[in-house]
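Fold and contact review
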Amino acid sequence: MKKNNYIFALLLACATMTFNSCSDLEPVDYAEINPSNFPKTESDIESLVYSCYYPLRGSWWDGMFSTSERGIQFLNDATTGILTGTFGEQKKCSELNYFPETTGITWFYYTRSKQYSGGYSQKISRCTLVLDDIANSNLDEATKQKYEAEVRCARAFLSYMLYDMYGPLVVAPLEVLKNPLAEKPLPRLSRAEMVKFIEDDLLFAGEHLPLPGNTEYGRFSRGLAKMLLIRLYLHETGDYKYPEGLTHGDKSNYDKVIKLARELKEAQYGYALQSDYNAMFARGGQGAGNKEIIFALPCTYEGPTQNQWHMMVLPTNYADHGMGSGWGTVTSTWYFYNSFEPGDTRRQGLVTSYKSSDGTIIDRNTPQSPLAAGPIPLKIGYDTGVKGSGGYTDIDIVLFRFADVYLSLAEGLCMHQGASTADLHEAIDNVNVVRNRAGLPNLSYADYPTAEDVLNAILKERWHEFWCENGQYRSDLIRYHRLVPLVKTINQSPYAEEYKEIYPLPLEVITDGKGLVKQNPGY
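Just so you know, these numbers come straight off a predicted model, no measurement behind them.

1. Focus on the overall build of the protein chain
Counting secondary structure elements, the protein chain contains 19 helices and 10 strands. Taken over the C-alpha trace, the protein chain has a radius of gyration of 23 Å; the compact-globule value for 523 residues is 24 Å, and the two agree within 12%. For the protein chain, the spread of C-alpha atoms along the three principal axes comes to 70 × 60 × 50 Å. Relative to its full complement of 523 residues, the protein chain shows a buried share of 59%. For the protein chain, the share of sequence-separated contacts (at least 6 apart) that also reach a separation of at least 24 residues comes to 69%. Of the roughly 20,400 Å² of accessible surface on the protein chain, 51% is carried by carbon and sulfur atoms. Treating the 50 positive side-chain charges of the protein chain as one cloud and the 63 negative ones as another, the clouds have centres 3 Å apart.

2. Regarding the pattern of salt bridges
Per the stated rule, a full pass over the model turns up 38 salt bridges. Salt-bridge contacts for arginine 152 lead to glutamate 148; the nearest nitrogen and oxygen are separated by 3.3 Å. You can see arginine 152 and its partner glutamate 148 sitting in helix α7 (residues 141–166), four residues apart, about one turn around the helix. A single network of salt bridges, built from pairs that share partners, joins Glu292, Glu341, Asp344, Arg346, Lys379, Arg401, Arg435, Arg437, Glu461, Glu465 and Glu469.

3. Observations regarding the environment of glutamine 73
Tracing the backbone shows glutamine 73 in helix α3 (residues 72–78). Overall, the relative accessible area of 5% leaves glutamine 73 in the buried class. Ignoring any residue separated from it by four or fewer positions in sequence, one finds glutamine 73 in contact with Leu83, Trp309, Cys468, Glu469, Asn470 and Gly471.

4. Things to note about the state of the cysteines
Counted according to the given criterion, the structure contains zero disulfides. Just so you know, cysteine 153 is unpaired, no disulfide at all, and the nearest cysteine sulfur is the one on cysteine 127, 10 Å from it. Just so you know, cysteine 468 is unpaired, no disulfide at all, and the nearest cysteine sulfur is the one on cysteine 93, 13 Å from it.

5. Considering the packing of α7 against helix α10 (residues 222–235)
Contact geometry of α7 with α10 gives a least axis separation of 11 Å together with a crossing angle of 25°. One finds that α7 runs roughly parallel with respect to α10. Relative to α10, the crossing made by α7 is left-handed. Residues Cys153, Phe157, Tyr160, Tyr163 and Asp164 of α7 lie in contact with α10, whose contacting residues are Leu224, Leu228, Arg231, Leu232 and His235. Tallied by class, residues from the contact of α7 with α10 come to seven nonpolar, one polar and two charged.

Reading the values: the criteria
Residues numbered from 1 in each chain as written. Predicted model: local features only at pLDDT ≥ 70, side-chain atom pairs only at ≥ 80, totals over all residues. Heavy atoms only, no water. Helix = DSSP H or I, 4+ residues; strand = E, 2+ residues; numbered from the N terminus. Rg over C-alpha atoms; globule rule 2.2 N^0.38 Å. Buried < 20%, exposed > 50% of the residue type's maximum accessible area, 1.4 Å probe, protein only. Contact = heavy atoms within 4.5 Å. Areas by Shrake-Rupley, 256 points an atom, 1.4 Å probe, with all protein chains shown as cover. Lys, Arg positive; Asp, Glu negative; His and termini not counted. Charge placed at Lys NZ, Arg CZ, Asp CG, Glu CD. Salt bridge = Lys/Arg side-chain N within 4 Å of Asp/Glu carboxyl O. Disulfide = S-S within 2.5 Å. Axes fitted to C-alpha atoms, helices over the stretch in contact; angles between N-to-C directions. Parallel < 35°, antiparallel > 145°, perpendicular 65-115°, else oblique. Left-handed = near helix turned anticlockwise from the far one by under 90°. Nonpolar A, V, L, I, M, F, W, Y, C, P; charged D, E, K, R; others polar.

Nothing here speaks to function; it is geometry throughout.
Okay, structure coming up:
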């Protein structure tokens, strides 16, 4: 019996795809594909490796980092006051008004609804099958390790993002995946099992991926693997309520964060802060020459990774800076805008007024203003090419930057067990590096005498530094149980309860689990 169901049409469609163009795609006769002839060559294996990047791109239909309501940054930032909306999932997230029936939020895990692409948990299984293909290939061990490192980084990347949103996942082992006709419901992993699954992948990737200077822009590097480890270890310092009960964080993870952050500061990685914050998000501000970027998604007007942020945020009557109108789906909040200090250059992207199509100037005081709830969150620069491109820009989607290393090191220093006065001072020094680039003065040691004081400063800097990038500020707040109080302060939502820190699993997953898969507490 042929087991052609291991080979997905979408997987092979991107098999010959580079990161910057779809022009090399060639038709494939899927009827001729079976385990005896695919994968066979190194080119075949490389095609499978590329396919594991596919869900981690920006695409409205099936890209996790779509710059729209179909992307995790959009929704996660809406929970933190960075974004808000008057309708749709953005409004629900800003109020923490979501439940297992809220498909627009649960689908990232999984859905059978034809209105969505199926979710991303199954993409983890695809990575597992690709790893098996690599292991059984005729490639030499060094080449196998190179490709295995990329796939394990992709699998960990996917797994961490979903784990952060939904808690421990259902992860199918290889033996189950290789016997797809046998129905076998599986339970969710425990927290410890989930963390080990992600950590093992990232430790392998961190050992075998090339250094950033030897990595093609847009591909995974050793620096990204270490940055994802930092995010995982920070996450694992918190206490969370999962179906297994209240689970406690491990504070020794702060020491791991310190070690990794110091390593990423070493010259061998080649990272450096850019002098101009806003230029990083303008046209021409990304690419291999930008040494602050740890990982970004290269975008073109045609795809396969597409950035439609202008269309999402520009109002329907916008006519300024050579650009036309957008869809006006989301704004920032005035609460977020007012939290910045005067002179903070990072606030420049929060646009407080604009010229409309009839020539009038619109601001928050204009009757029925699109800016009533908040300014335009135009994190990326203007691009007049959007008009003729179907709404897309060629400004890349920046996901992780070296500034995160400074603030992660600061957090580790001030929160690890036995933190000394010298540790607190070093933490403040790292925060000041980020502040100075934003045009702000140093924080003084005297004003931040305790670890809690320093932590407050770090979280505020994270809020202001990484808005509208990867949506991770939600995670920063949750590990200290500060998300719900912030939402209540901003909009007094009656739905803001502590159990909403974790998104619910979709109903299909609970049903398909046949009693083995438990819903997150509170739902």
